[in-house]
Amino acid sequence: MTGFLAELGRKLAERWFTLLVLPGLAYLLAAAVAVRLGQGDWHDWRVLWDGFAGLTEGEPDRQNSLAVRAVLLVLAAVPLSAGVGAVAQALAAPVERALCGPWPRPFAALSARLTARRATAWRAADDAHHQGGDPASAARRNAVALIPPEHPTRLGDRLRAPAVRLDNEYGIDLATVWPRLWLILPTATRDTLTDTRARLDTAFALGGWALLYLLLAVLWWPAALIALAVVAVSRHRAALAAEAYAELVESTVDLHLDRLLTRLAEPRPAPQQGRALTERLRRGL
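Residues numbered from 1 in each chain as written. Predicted model: local features only at pLDDT ≥ 70, side-chain atom pairs only at ≥ 80, totals over all residues. Heavy atoms only, no water.

Novice: So what's going on with the overall build of the protein chain? Residues and values would help.
Specialist: Within the protein chain one finds 11 helices and zero strands. For the protein chain, long-range pairs separated by at least 24 residues make up 70% of all intrachain contacts whose partners lie at least 6 apart in sequence. In the structure as shown, the protein chain presents an accessible area of about 18,300 Å², 64% of it carried by carbon and sulfur atoms. (Helix = DSSP H or I, 4+ residues; strand = E, 2+ residues; numbered from the N terminus. Contact = heavy atoms within 4.5 Å. Areas by Shrake-Rupley, 256 points an atom, 1.4 Å probe, with all protein chains shown as cover.)

This is the structure we're talking about:
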């Protein structure tokens, strides 16, 4: 047990350092550059080098104070980096809403228009496929969405598709069935689902970093380019992770729904049996 806890603590520390501290340090470095250069001297790297030299150089008789300042700077950078990382993680939820939809009230009209436009394109391709049996029409339809669009983005419809397909095929409400199905899944299956969902959440958190870099553009405009690059990577990773996660959810229900039906098969225990069992257990306390 001690070895297991030690290994668990090591993995948690590695995850904390990788997801929060390292990206946070990179952000703090970019923030320092933004503050030092500003908009007017955004490309003047000599100013940046002079500032760095001022931090690292000192008089020979003041080396001890310089070392103390460096240690204090490092000690302050780690918690600050973790704090900035925690803010980026908190921004993952609004990023997910932005990438998936539906969008909040100020953007509800735009969300509805984009959804209607996608639905029109989807129906046109679907009609062409059913009328002529053209595989290219099916490919165009699936490029829009695997289900009739309900969201302004393909990513949102891809994550919604398993619930729609499983309702059509098995007549189940995925949100209701999933918690009970999860409890009887093999450990390997649950681990795979958890890891895939974690990759999706990490992609959304990367979008949170993009928002933070966008704030730096107020001080130093090249930070906007960093934000755009991070947004592109976040969107690409989210699309890949969402595809894998949706496929895994559907496959899990396909393979394990019969086990849940067996476990919940009729007849169920009558209420009086449950009350009798409760009374018997209470007497044992």
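Novice: Describe the nonpolar core, listing the residues and the values that go with them.
Specialist: A general tendency of soluble globular proteins is for nonpolar side chains to be buried together. Tyr27, Trp209, Leu212, Tyr213, Leu216 and Trp220 are the most contacted members of the largest nonpolar core, which has 19 residues in total. Counting residues per element, the ones that place at least two in this core are α1 (2-37), α3 (63-90), α9 (187-216) and α10 (222-263). Ignoring any residue separated from it by four or fewer positions in sequence, one finds Leu216 in contact with Tyr27, Ala30, Ala31, Ala34 and Ala223. (Core = buried A, V, L, I, M, F, W, Y, C linked by side-chain atoms within 4.5 Å. Buried < 20%, exposed > 50% of the residue type's maximum accessible area, 1.4 Å probe, protein only.)

Novice: Provide a residue-level description of unusual backbone geometry, including the pertinent values.
Specialist: Peptide bonds are trans in most cases, and residues, glycine excluded, mostly fall at negative phi. Following Gly101, the chain continues to Pro102 via a peptide bond in cis, the omega torsion being -5 degrees. Looking at the secondary structure, you find Pro102 in the loop between α4 (92-100) and α5 (108-132).

Novice: An account of helix α7 (residues 154-170) is requested, with residue identities and associated values reported.
Specialist: Since there are 3.6 residues in each turn of an α-helix, residues three or four apart along the chain are aligned in direction. Compared with an ideal rise of 1.5 Å per residue, which puts 17 residues at 24 Å, α7 spans 24 Å between its outermost C-alpha atoms and is within 8% of the ideal. Residues of α7 that are buried include every one of Leu155, Gly156, Asp157, Arg158, Ala161, Pro162, Ala163, Val164 and Leu166, and no others. On its buried face, α7 is in contact with α4, α5, α8 (174-183), α9 and α10. (Expected span 1.5 Å × (residues − 1).)

Novice: Mind laying out the confidence of the model for the protein chain, listing which residues take part and the relevant values?
Specialist: Regions with low pLDDT should not have their predicted coordinates read in detail. On average, residues of the protein chain score 84 in pLDDT, and 81% of them are at 70 or above. For residues 1-10, every residue scores under 50 in pLDDT, and the model assigns this stretch zero contacts once sequence neighbours within four places are set aside. (pLDDT = per-residue confidence, 0-100.)

Novice: I'd like a rundown of the packing of α5 against helix α6 (residues 135-144), residues and numbers included.
Specialist: Relative orientation of the contacting elements α5 and α6 amounts to 155 degrees, with a least axis distance of 8 Å. Here α5 lies roughly antiparallel to α6, going by the angle between them. Like other packed secondary-structure pairs, α5 and α6 cross with a definite hand, here left-handed. Packed against α5, whose contacting residues are Arg118, Ala121, Trp122, Ala125, Asp126, Ala128, His129 and His130, the element α6 presents Ser137, Ala138, Arg140, Arg141 and Val144 at the interface. Considering only residue class, the contact of α5 with α6 consists of six nonpolar, three polar and four charged. (Axes fitted to C-alpha atoms, helices over the stretch in contact; angles between N-to-C directions. Parallel < 35°, antiparallel > 145°, perpendicular 65-115°, else oblique. Left-handed = near helix turned anticlockwise from the far one by under 90°. Nonpolar A, V, L, I, M, F, W, Y, C, P; charged D, E, K, R; others polar.)

Novice: Please set out the packing of aromatic side chains residue by residue, giving values where relevant.
Specialist: Note on aromatic pairs: each is described by the distance of the centres and the angle between the planes. This structure, assessed with the given rule, holds three aromatic pairs. Ring geometry for Trp178 against Trp182: centres 6.2 Å apart, planes inclined by 45 degrees, an arrangement best described as tilted. Residue Trp178 and its partner Trp182 are located together in helix α8, separated by four residues, close to a single helical turn. In this structure Trp182 comes out as partly exposed when scored by relative accessible area, which is 25%. (Phe/Tyr/Trp six-rings, centres within 6.5 Å; stacked < 30°, edge-to-face > 60°.)

Novice: Hey, could you go over the pattern of salt bridges for me, with residue numbers and the actual values?
Specialist: A complete count under the given rule lists 10 salt bridges for this structure. The residue Arg160 makes a salt bridge to Glu150 at a minimum N-O spacing of 3.2 Å. With Arg160 in helix α7 and Glu150 in the loop between α6 and α7, the pair connects residues that are 10 residues apart, well separated along the chain. Its salt-bridge partner being Arg158, residue Glu243 comes within 3.0 Å of it at the nearest N-O pair. You can see Glu243 sitting in helix α10 and its partner Arg158 sitting in helix α7, a full 85 residues away along the chain. Judged by its relative accessible area of 31%, Glu243 falls in the partly exposed class. Using a relative accessible area of 4% as the deciding quantity, one classes Arg158 as buried. (Salt bridge = Lys/Arg side-chain N within 4 Å of Asp/Glu carboxyl O.)

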